[in-house]
Amino acid sequence: MKALILIGGFGTRLRPLTCTRPKALFPIVNKPLLQITFERLAENGVDEVILAVNKLTQFHIRQQHLPKYGLTVKYSLDPPKIPLGTAGPIKKAEKLLGHDDPFLVLNGDLITEINYKEMLATHAEGKAVATIALHEAEDPSRYGVAELADENRIKRFIEKPPKGTEPTKLINAGVYVLSPKIFNYIPSGRAVSMEREVFPRLAEENVLYGHKVSGLWIDIGKPEDYLQTNKMLLETCADKQRKNPRFECRNPVALGKGVVIGENSVIGPCAVLGKNVTVGKNVQIRDSVVFEDVKIGDDAVICGALIGEAAQIGKKAKVTEGCIIADHVKVKDGVLLREKVSVCPAKEV
Ligand code: GDD
Ligand code: MG
């Protein structure tokens, strides 16, 4: 089975951390999301993955040398400076995907436990051109929403309907099984939106179906959701309670290789420290994700924040709820960053 992963978006809601890496490479409890996705696809019987990327995301992914779990990995590039949207890249990869069998398409910013084999079986039963995984969400207005007719046929698909107007709570989980007939529905050579152009037309022609899924599902595309994803997965895979006379870990906490922590520091609850992070004395870190190679000075406080790779946080500095500090930023000694401050890559504050 083949799977195409969409990884050519700009990740605007996670800027400025996405200035230097695509969402698919964000660490989830110290493992890149794409690596987790590869692992799951391989477990579900996929043998070939096509990454629908742009030049920049391709560059970043290549540099990571991720383990591939036996998958053949190919790239399909959006044309320079012309992002193809969410359907255009599927048309672009037509030759690679082939016309023989249905295939999977995944948004690249998801953590899910969806059983792809089951989805494929549902798809094969009916006369669907596309089968969409449908997940129940509290606030459907942030997503694509499906209205079902009989036998799981989707009679209407609306992308991000205004709040209060959503017909159901069933949202597009960003995972599709598509039949090769789909290529007839996507014009080539321009950006095409799967959600705004292709799905509504398939629904009209009665060839769009849904497959309800439950269990873990999160789109990491917003800072609070990314943080929440780490917290949830920390609960299940955090390191065992560390007893160290010099510092305190309040679980759940995950520490990457080579992390060094100074005396009297308190790490956690809900803190992820990437590899080679250095923490000074009397530091407090909670509800935060700290990427690799970050240096944190004595008496600093970090709560509810995202700290990018190789950033330096000065002594007595304080970084609070919703702050996003990009890669290589230097926050000087004593600086207080209040709620939701973002600092662009390599800046000094
Ligand atoms: N190659 C390529 N080119 N990929 C793209 C492009 C593009 O121009 N634009 C977006 N993508 C990729 C993104 O990188 C992401 O992995 C995926 O397509 C979806 O884009 P998002 O920007 O994350 O969309 P969204 O989260 O607002 O909404 C989508 O996902 C929801 C589920 O999380 C829609 O599919 C919704 O209907 C859905 O409910
Ligand atoms: Mg998304």
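Note that the structure is a prediction, hence the values are computed from the model and not measured.

Peer 1: Quick rundown of the overall build of the protein chain? Include the residues and the values.
Peer 2: If you tally the helices and strands in the protein chain, you get 7 helices and 30 strands. For the protein chain, the C-alpha radius of gyration of 22 Å lies close to 20 Å, the compact-globule estimate for 349 residues. Relative to its full complement of 349 residues, the protein chain shows a buried share of 54%. Looking at the protein chain alone, contacts between residues at least 24 apart form 50% of all its contacts between residues at least 6 apart. For the protein chain, the exposed surface amounts to about 16,000 Å²; the carbon and sulfur share of it is 48%. A distance of 5 Å separates the average location of the 49 positive side-chain charges in the protein chain from that of its 42 negative side-chain charges.

Peer 1: Describe the layout of surface pockets, listing the residues and the values that go with them.
Peer 2: Looking at the largest pocket, its volume works out to about 1,200 Å³. Taken together, 47 residues make up the lining of the largest pocket; nearest its centre are Gly9, Phe10, Arg13, Lys23 and Asp109. Listed by contribution, the elements that provide at least two residues to the lining of the largest pocket are helix H2 (55–64), strand E11 (170–178), helix H6 (194–204) and strand E13 (217–219). With 4 residues, H2 is the single largest residue contributor to the lining of the largest pocket. Counted by class, the lining of the largest pocket contains 15 nonpolar, 17 polar and 15 charged residues. Of the pockets and cavities examined, the second largest pocket occupies roughly 700 Å³.

Peer 1: Quick rundown of the packing of aromatic side chains? Include the residues and the values.
Peer 2: Applying the stated criterion to the full structure yields 7 aromatic pairs. Taking the centre distance of 5.9 Å and the plane angle of 85 degrees together, the rings of Phe26 and Phe291 count as edge-to-face. Of this pair, Phe26 sits in the loop between strand E1 (2–6) and strand E2 (27–28) while Phe291 sits in the loop between strand E21 (288–290) and strand E22 (295–296); the two residues are 265 residues apart in sequence, bridging distant segments of the chain. Each member of the pair, Phe26 together with Phe291, is buried. The interplanar angle of 70 degrees and the centroid separation of 5.5 Å between the aromatic rings of Tyr143 and Trp217 together place this pair among those described as edge-to-face.

Peer 1: So what's going on with the coordination of the magnesium ion (ligand 2)? Which residues, and what values?
Peer 2: Within the protein, the magnesium ion (ligand 2) binds to Asp109 (OD) and Asp219 (OD); these donor distances fall in the range 2.1 to 2.3 Å. One end of the pair, Asp109, is in the loop between strand E6 (103–107) and strand E7 (110–112); the other, Asp219, is in strand E13, with 110 residues separating them in the sequence. With relative accessibility at 16%, the residue Asp219 sits in the buried group.

Peer 1: Run through the sheet that holds strand E17 (residues 266–267), naming residues and quoting values.
Peer 2: One open sheet holds the 6 strands; their spatial order is E14-E17-E20-E23-E26-E29, and the pairing between them is parallel. Single-partner strands in this sheet number two, and they are strand E14 (248–249) and strand E29 (336–337). With 2 bridges connecting them, E14 and E17 associate as parallel partners. Of the residues in E17, the one forming a bridge with Cys249 is Ile267.

Peer 1: An account of the domain arrangement of the protein chain is needed here, citing residue identities and associated values.
Peer 2: When the domains of the protein chain are assigned, the result is domain 1 (2–219) and domain 2 (239–343). Relative to domain 2, the C-alpha centre of domain 1 lies at a distance of 34 Å. On the side of domain 2, 16 residues touch domain 1, which itself brings 9 residues to the contact. For the pair domain 1 and domain 2, the summed buried surface comes to about 900 Å²; carbon and sulfur atoms form 71% of the total. Among the residues of domain 1 in contact with domain 2, Pro16, Leu17 and Asn30 are the three that bury the most area, contributing 54% of the side total.

Peer 1: Please give an account of the site of ligand 1 that cites residues and values.
Peer 2: If you check the shell around ligand 1, you find 26 residues, and the closest are Asp109, Glu159, Asn172, Glu195 and Asp219. For ligand 1, an oxygen atom lies 3.3 Å from a polar atom in the side chain of Arg13. Placement of ligand 1 is best described as lying within the largest pocket. For the shell around ligand 1, the secondary structure elements donating two or more residues are E11 and E13. Per-class residue counts for the shell around ligand 1 are 10 nonpolar, 8 polar and 8 charged.

Criteria and thresholds
Residues numbered from 1 in each chain as written. Chains lettered and ligands numbered in written order. Predicted model: local features only at pLDDT ≥ 70, side-chain atom pairs only at ≥ 80, totals over all residues. Heavy atoms only, no water. Helix = DSSP H or I, 4+ residues; strand = E, 2+ residues; numbered from the N terminus. Rg over C-alpha atoms; globule rule 2.2 N^0.38 Å. Buried < 20%, exposed > 50% of the residue type's maximum accessible area, 1.4 Å probe, protein only. Contact = heavy atoms within 4.5 Å. Areas by Shrake-Rupley, 256 points an atom, 1.4 Å probe, with all protein chains shown as cover. Lys, Arg positive; Asp, Glu negative; His and termini not counted. Charge placed at Lys NZ, Arg CZ, Asp CG, Glu CD. 1 Å grid on protein atoms, 1.4 Å probe; cavity = no way out; pocket = protein on both sides within 12 Å on 5 of 7 lines; lining within 4 Å. Points joined across faces, edges and corners; volume = space filled by probe spheres on them. Nonpolar A, V, L, I, M, F, W, Y, C, P; charged D, E, K, R; others polar. Phe/Tyr/Trp six-rings, centres within 6.5 Å; stacked < 30°, edge-to-face > 60°. Donors = N, O, S within 2.8 Å, 3.2 Å for Na, K, Ca; no water. Pairing = 2+ DSSP bridges. Domains from an automatic or database assignment. Buried area = accessible area lost by both parts, 1.4 Å probe. Near = heavy atom within 4 Å. Polar contact = N/O pair within 3.5 Å; in protein donor to acceptor, adjacent residues only side chain to side chain. Sits in = over half its atoms within 2 Å of the grid points.

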